[in-house]
Amino acid sequence: MKNINVITYGRVSTDEQADNGFSLNHQEEMLKKYCEIKNYNILKHFTEDYSAKNFDRPEWKVLMEYVKKNKNSIDMILFTKWDRFSRNIEGALTVIRQLSAMGIEVNSIEQPLDLSIPDNKVMLSMYLILPEVENDKISQRTKDGMRRAKKEGCFIAKAPFGYSNAKVLEKTSIEPNNDAKIVMRAFNEVAKGIQPVEVIRKKFKEAYGLKLQKQQFYNMLKNKTYCGMIEIPEYKKEQAETIKGIHETIIDTELFRRVQNVLDGRKNSDAKFPTSENESFPLRGNFVCPSCGKQITASKSKGNGGHYEYYHCKSSCRIRLK
């Protein structure tokens, strides 16, 4: 009598780990006992801590690589229940067909089915569709709950740079951390409209050890969270909206608006780099007015005895430097 060579597979998702009925150790023990009774030879055991909504799972990919290399010596893949194998009926049937084409049977020890009998495919569909329906219900409840939380001003995602995840008013939110000062300085620097954003990012990287990459830095400058807002995307028949969050702001809305003007190419100041150098004014374009934040320019004034050079603000601040 030919020995039956099998691969055993156990899977849990993160929220199932504490349940003894689903634990990996329990599944492995059940599979071993079953194979001992049936006199099956276990070639390899695989375990996974991952959702079964599809087959894009790290350990399942390793299992399939092993199967492809050893398909001639494998007769069966076993698991405890069909929902350990998959919670997606379309994906499950596709994988079953692929393995069947290699001459490998897929089966559950607690819900065994002879898939060579056509009628048993109806029962297989039931075993697979019920977990998928439960997954859909959980997903729907999660989305609805997250939307309700956002409408109450909560921040439920990973905290952006300058914030840490925290409880505010006993609700999920964020609070400024030590990097909040860097965020504020960055917004103020960009709002001046003097230097390109990438130049500012590199300057902050050198001065403060800023680790944000080019796109991350740009995304930070566009993020309304910093001025206290929560963006709620469009959902079903509800339109997208932006509401006031319960978290503390790092910058005010006026500063945020000025930065958006700079990023969008709209002038919010007269500040810009000089188009050409002038030997009489070597420092022109490198000063910012301490009063209004606009660029310091330079010019000559005619007076008794000739012309006199001055650095002065481009606004009406009347700041003048000899």
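In this report, the structure presented in the accompanying data block is examined. (Residues numbered from 1 in each chain as written. Predicted model: local features only at pLDDT ≥ 70, side-chain atom pairs only at ≥ 80, totals over all residues. Heavy atoms only, no water.)

1. What to know about the sheet that holds strand β4 (residues 105-108)
Reading across from one edge, β2-β1-β3-β4 is the order of the four strands in this open sheet, with parallel pairing throughout. Of all strands in the sheet, those bounded by a partner on one side alone are β2 (41-49) and β4. This sheet shows a mean twist of 20 degrees between the axes of neighbouring strands, independent of strand direction. The pairing of strand β1 (residues 5-12) with strand β3 (residues 76-79) spans three bridges and is classified as parallel. Bridge pairing links V6 to M76 in β3. Against the sheet, helix α1 (residues 24-38) contacts β1, β2 and β3, and its axis sits at roughly 160 degrees relative to β1. (Pairing = 2+ DSSP bridges. Helix = DSSP H or I, 4+ residues; strand = E, 2+ residues; numbered from the N terminus. Axes fitted to C-alpha atoms, helices over the stretch in contact; angles between N-to-C directions. Contact = heavy atoms within 4.5 Å.)

2. Concerning the pairing of strand β6 (residues 171-176)
Two elements, strand β5 (residues 163-168) and β6, share six bridges in a ladder whose sense is antiparallel. Bridged to A166 within β6 is S173. Where β5 folds back onto β6 in an antiparallel hairpin, the turn is made up of two residues, including L169, whose phi is positive at roughly 55 degrees.

3. Observations concerning the environment of I156
One can find I156 in the loop between α5 (120-151) and β5. Taking relative accessible area as the criterion, I156 reaches 30% and is therefore assigned partly exposed. With residues up to four places along the chain from it excluded, the contact list for I156 reads M146, A149, K150 and T172. (Buried < 20%, exposed > 50% of the residue type's maximum accessible area, 1.4 Å probe, protein only.)

Such coordinate-based values are descriptive only and should not be taken to indicate function.
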